[in-house]
Amino acid sequence: MQHDSKLPEVGTTIFSVMSKLAKAHNAINLSQGFPDFGSDQELINLVSNAMNSGYNQYAPMAGNLELREAIAKKMHTLYNATYHPETEITITAGATQAISTILSTFISPGDEVIIFKPAYDSYEPGIILNGGKAIPIQLGAPSFNVDWELVKGKVNNRTKMIIINTPHNPSGTVFSKEYMLELERITKNTNIIVLSDEVYEHMIYDGEKHQSACLFPDLKSRSFVVASFCKTFHNTGWRVGYCCAPKELMKLFMQVHQFSVFCVHHPTQKGIADYMQEPKHYLGLSKFYQEKRDLFLSLIKDSKFKFQPSKGTYFQVLDYSEITQEYDVDFAKRLTIESGLAAIPLSVFNENNLDNKVLRFCFAKKDDTLKLAAEILNCI
């Protein structure tokens with residue numbers, strides 16, 4: 001039998017490629033974005049307690065109500081944004097499932113979706129699978145600034161959605177208040193939906209404030225805010241996220257959600273709901289990760305790599321142009337094989353594989369891991 005692929009140009013993700021290479025060569029893996037330290041034992045105990053207390057059958061389709069209530073409280077406390085826990089918040093199997101379901105719900109053949117590149121690698125395939133067309137806006141290294149005049153020029157009557165990601169993976173930049181106001185102006189009085197990927201909302205540095213889409217009234221009225229507990233609580237394998245949106249948008253989302261996953265692992269939801277009763281469990285993340293960023297950068301300050309300190313996420317981009325002019329994928333592979341350190345090349349997330357001679361390193365690691373990685377980088 002022979003069948004055509006719906007994604008003929010999509011191969012194995014660079015994350016799988018680099019992690020496999022790292023394992024094969026016993027390299028330090030700063031490529032894929034996961035911590036090498038464990039979750040808080042208190043959270044693990046709460047999930048275990050939930051299992052032992054009988055939370056082992058289906059959760060409500062929208063998610064455990066206590067967890068949705070905890071999210072609603074958090075959104076109001078941090079952003080003064082009101083989301084009704086019964087009609088405007090849904091628990092999802094990670095942020096990626098939320099994004100996929102949003103695209104499946106709203107994108108039809110011929111619809112255009114504006115994305116900013118380098119872009120998280122699930123956006124464009126999700127658009128294509130639903131018959132849409134991705135309209136890329138390339139951000140230039142090292143600042144990765146948005147040209148809003150270019151964005152305005154791409155908006156037309158076929159524009160169904162704009163996807164933003166702040167703090168931004170893979171660049172580590174953040175959208176400013178001015179950026180969000182510009183986005184609000186561009187989409188005002190249109191039917192454009194905004195998908196705001198905010199999974200790194202609690203990892204933002206140097207005294208900056210996360211500019212969530214829900215802080216801006218008109219944006220909030222047309223936006224899905226997508227977030228992840230897996231990134232926040234150091235357990236990427238748990239795959240629990242959520243999205244918030246106005247009732248009329250969430251109602252449509254739920255029509256698709258019910259047939260994709262129906263509901264998410266119930267005891268984990270209950271455990272997280274209990275854990276969130278103490279806001280300190282997520283409000284201290286910026287300080288925690290800024291210390292790791294600062295340690296990593298202080299250790300490589302005399303290397304040949306150039307950098308602008310990451311403003312958010314747990315990723316740091318390093319410019320290697322003074323070391324070699326190799327294609328970034330080739331250099332990343334050689335760094336793994338010959339030097340024992342794995343990173344992610346950014347060209348794979350860019351339009352036409354634009355190569356800016358930069359690699360992305362994950363600093364969500366133990367201090368000893370970062371010190372070992374820095375020793376390698378200082379010898380390159």
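Read on for a plain summary of the structure. (Residues numbered from 1 in each chain as written. Predicted model: local features only at pLDDT ≥ 70, side-chain atom pairs only at ≥ 80, totals over all residues. Heavy atoms only, no water.)

### Looking at helix 1 (residues 14-24)
- Among the residues of helix 1, I14, F15, M18, S19, L21 and A22 are the ones counted as buried. Projected onto a plane normal to the axis of helix 1, the buried residues spread over an arc of 160 degrees and lie on a single side. Turned more than 90 degrees from where helix 1 packs its buried face, K20, K23 and A24 sit exposed.
- Considering only its buried residues, helix 1 is in contact with strand 1 (28-29), helix 14 (328-339), strand 10 (341-342), strand 11 (344-345) and strand 12 (358-362).
- The positive-phi residue at the C-terminal boundary of helix 1 is N26, with phi of around 50 degrees. (Buried < 20%, exposed > 50% of the residue type's maximum accessible area, 1.4 Å probe, protein only. Helix = DSSP H or I, 4+ residues; strand = E, 2+ residues; numbered from the N terminus. Arc of directions from axis to C-beta. Contact = heavy atoms within 4.5 Å.)

### As for the nonpolar core
- M161, F224 and F361 are the most contacted members of the largest nonpolar core, which totals 65 residues.
- The element contributing the most residues to this core is helix 4 (residues 94-106), with 6 residues. (Core = buried A, V, L, I, M, F, W, Y, C linked by side-chain atoms within 4.5 Å.)

### Remarks on the packing of aromatic side chains
- The full count for this structure, using the stated rule, is 22 aromatic pairs.
- A ring pair is formed by Y200 and Y314, whose centres lie 5.5 Å apart and whose planes are at 80 degrees; its orientation type is edge-to-face. One end of the pair, Y200, is in the loop between strand 6 (193-197) and helix 8 (217-220); the other, Y314, is in the loop between helix 13 (285-299) and strand 9 (315-319), with 114 residues separating them in the sequence.
- Owing to a relative accessible area of 0%, Y314 belongs among the buried residues under this scheme.
- An aromatic cluster is built from F37, Y200, F288, Y289, Y314 and F315, whose rings are joined through pairwise contacts.
- Taking NZ or CZ as reference, R360 lies 3.6 Å from the ring centre of F315, over its face. (Phe/Tyr/Trp six-rings, centres within 6.5 Å; stacked < 30°, edge-to-face > 60°. Lys NZ or Arg CZ within 6 Å of the ring centre and 35° of its normal.)

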